[in-house]
Amino acid sequence: MIFENLADRLQETFKKLRGHGKLTADDVNATMREIRIALLEADVNFKVVKDFIKKIKERAVGQEVLESLTPAQAVIKIVNEELTALMGQTQSHINISPKAPTIIMMVGLQGAGKTTSAGKLGLMFKKQGKHPLMVAADIYRPAAIKQLQVLGNQIDIPVFAKEDCKDAVRIANEAIDYAKSHANDIVIIDTAGRLHIDENLMQELKSIKEDVKPHEILLVVDAMTGQDAVNVAESFNNDLGLDGVILTKMDGDARGGAALSVKAVTGCPIKFVGAGEKLEALEPFYPDRMASRILG
Ligand code: GDP
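Quick summary incoming for the structure in this document.

Calculation notes
Residues numbered from 1 in each chain as written. Predicted model: local features only at pLDDT ≥ 70, side-chain atom pairs only at ≥ 80, totals over all residues. Heavy atoms only, no water. Helix = DSSP H or I, 4+ residues; strand = E, 2+ residues; numbered from the N terminus. Contact = heavy atoms within 4.5 Å. Near = heavy atom within 4 Å. Polar contact = N/O pair within 3.5 Å; in protein donor to acceptor, adjacent residues only side chain to side chain. Areas by Shrake-Rupley, 256 points an atom, 1.4 Å probe, with all protein chains shown as cover. Nonpolar A, V, L, I, M, F, W, Y, C, P; charged D, E, K, R; others polar. Salt bridge = Lys/Arg side-chain N within 4 Å of Asp/Glu carboxyl O. Pairing = 2+ DSSP bridges. Axes fitted to C-alpha atoms, helices over the stretch in contact; angles between N-to-C directions. Parallel < 35°, antiparallel > 145°, perpendicular 65-115°, else oblique. Left-handed = near helix turned anticlockwise from the far one by under 90°. Buried < 20%, exposed > 50% of the residue type's maximum accessible area, 1.4 Å probe, protein only.

### Looking at the environment of Gln91
Then, number 1: Residue position: Gln91 is located in the loop between helix 5 (71-86) and strand 1 (102-108).
Then, number 2: For the pair Gln91 and Leu109, spaced 18 residues apart in sequence, the C-alpha separation works out to 25 Å.
Then, number 3: Gln91 has contacts with Pro284, Phe285, Tyr286 and Pro287, leaving out every residue within four places of it along the chain.

### Quick notes on the site of the ligand
Then, number 1: Neighbouring residues of the ligand: 17 residues in total, closest Gly111, Lys114, Thr116, Asp251 and Glu277.
Then, number 2: In the environment of the ligand, an oxygen atom lies 2.9 Å from a nitrogen or oxygen atom belonging to the side chain of Gln147.
Then, number 3: One of the backbone nitrogen or oxygen atoms of Ala275 is found 3.5 Å away from an oxygen atom of the ligand.
Then, number 4: Computed on the free molecule, the ligand has an accessible area of 590 Å², of which 79% lies beneath the protein chains in the complex.
Then, number 5: Counting residues per element, the shell around the ligand draws most heavily on helix 6 (residues 114-127), which supplies 4 residues.
Then, number 6: A per-class count over the shell around the ligand returns 3 nonpolar, 9 polar and 5 charged.

### A look at unusual backbone geometry
Then, number 1: In this structure, the amide linkage connecting Ala100 to the following residue, Pro101, adopts the cis form with an omega of 0 degrees.
Then, number 2: Counting through the fold element by element, Pro101 comes out in the loop between helix 5 and strand 1.
Then, number 3: The backbone phi angle of Lys249 is positive, close to 60 degrees, even though this residue is not glycine.
Then, number 4: Structurally, the position occupied by Lys249 is in the loop between strand 6 (244-248) and helix 11 (257-266).

### Some remarks on the pattern of salt bridges
Then, number 1: Counted under the stated rule, the structure contains 15 salt bridges.
Then, number 2: In this structure, Lys54 and Glu58 form a salt bridge, with 3.9 Å as the shortest nitrogen-oxygen distance. Taken as a pair, Lys54 and Glu58 lie in helix 3 (residues 46-60) at a separation of 4 residues, close to a single helical turn.
Then, number 3: The shortest N-O distance in the salt bridge between Asp198 and Arg194 comes to 2.8 Å.
Then, number 4: If you follow the salt bridges from partner to partner, you end up with Arg59, Lys77, Glu81 and Glu82 in one network.

### A short note on the sheet that holds strand 2 (residues 132-137)
Then, number 1: Strand order in the open sheet made by the 8 strands is 3-2-4-1-5-6-7-8, with mixed pairing throughout. The open sheet has two free edges, formed respectively by strand 3 (159-160) and strand 8 (282-284), since each of these has just one partner strand.
Then, number 2: Sheet topology note: the strand 2/strand 3 ladder contains 2 bridges and is parallel. Within the sheet, the bridge partner assigned to Met134 lies in strand 3 and is Val159.

### Points about the packing of helix 2 (residues 25-41) against helix 3
Then, number 1: Packing of helix 2 against helix 3 leaves a shortest axis separation of 10 Å and a crossing angle of 155 degrees. On the basis of their axis angle, the class for helix 2 and helix 3 is roughly antiparallel. When the axes of helix 2 and helix 3 are compared, the crossing they make is right-handed. Listed contacts from helix 3 to Val28, Asn29, Met32, Ile35, Arg36, Leu39 and Leu40 of helix 2 are Phe46, Val49, Phe52, Ile53, Ile56, Lys57 and Ala60.

### Here we look at the environment of Arg59
Then, number 1: For Arg59, the location among the structural elements is in helix 3.
Then, number 2: For Arg59, a relative accessible area of 24% corresponds to the partly exposed category.
Then, number 3: Once the C-alpha coordinates of Arg59 and Val159 are considered, the two residues, 100 residues apart in sequence, prove to be 52 Å apart.
Then, number 4: Of the polar contacts made by the side chain of Arg59, one reaches the side chain of Glu82; its length is 3.0 Å.

Here it is as structure tokens:
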């Protein structure tokens, strides 16, 4: 399970504090060292760990903890609050346009789960009573177009595709016209992925963005890739500007570093997590619940 090691390590640390009466500054320092190591082992970004420890230390050497008769509780409370803040404090929603259709652009590297997440998002909107249209804008891989069409069939959501067109901007524009004339209030554009970030790909995504002006650009990254996911998010955000991140494969045994680092490093909130291959397996990301899960 994700965060299993981190949760175990932190619980060990807090257990040692529990037997204590009042804490000394040395006790607090030792605890901070252990939390620091646990976070680094969970693959949390180095700078993020440094800032995080600084913050909790400032609070933990204060009156709140040192004078508390239940110092372990006081420390856990601080760590819980700061973990929640680190992940964005509250749930972040998708920007819905007051004027339909809302245009959502999905971006990400190949294999991250972009197409699957497009289907998951479509299904979620459909269950909310909306009428999504999915758009196959990957002009390089016929298999990707087919994959989206198969998904669309499974969940009964229309898919706009033009197999012979090699112009992603044109496909996106025609799809939006189609959505307007077919009362589709959400347009989910599945763009091309690559194995690595490359200039051509970024240029194509920028052209789509400039032309189509999406209300929401969502980056899909794989939690299993840890800090690579965070680096990918940073690059995409610098080049394209992101509104949010979908972190996939949270059902695997990722150490969790990406979930804890993305917001702090990029400023972009994680909006959803993927927790399985099934199309129902998309969950909103709640920073407070995630923090509680880590703290057990
Ligand atoms: P794309 O290349 O980014 O469009 O990636 P795909 O959507 O084709 O997904 C790549 C693989 O990851 C597929 O086998 C998906 O079933 C799988 N996948 C996607 N999201 C998740 C997830 O949240 N959990 C798990 N376990 N697998 C996922």
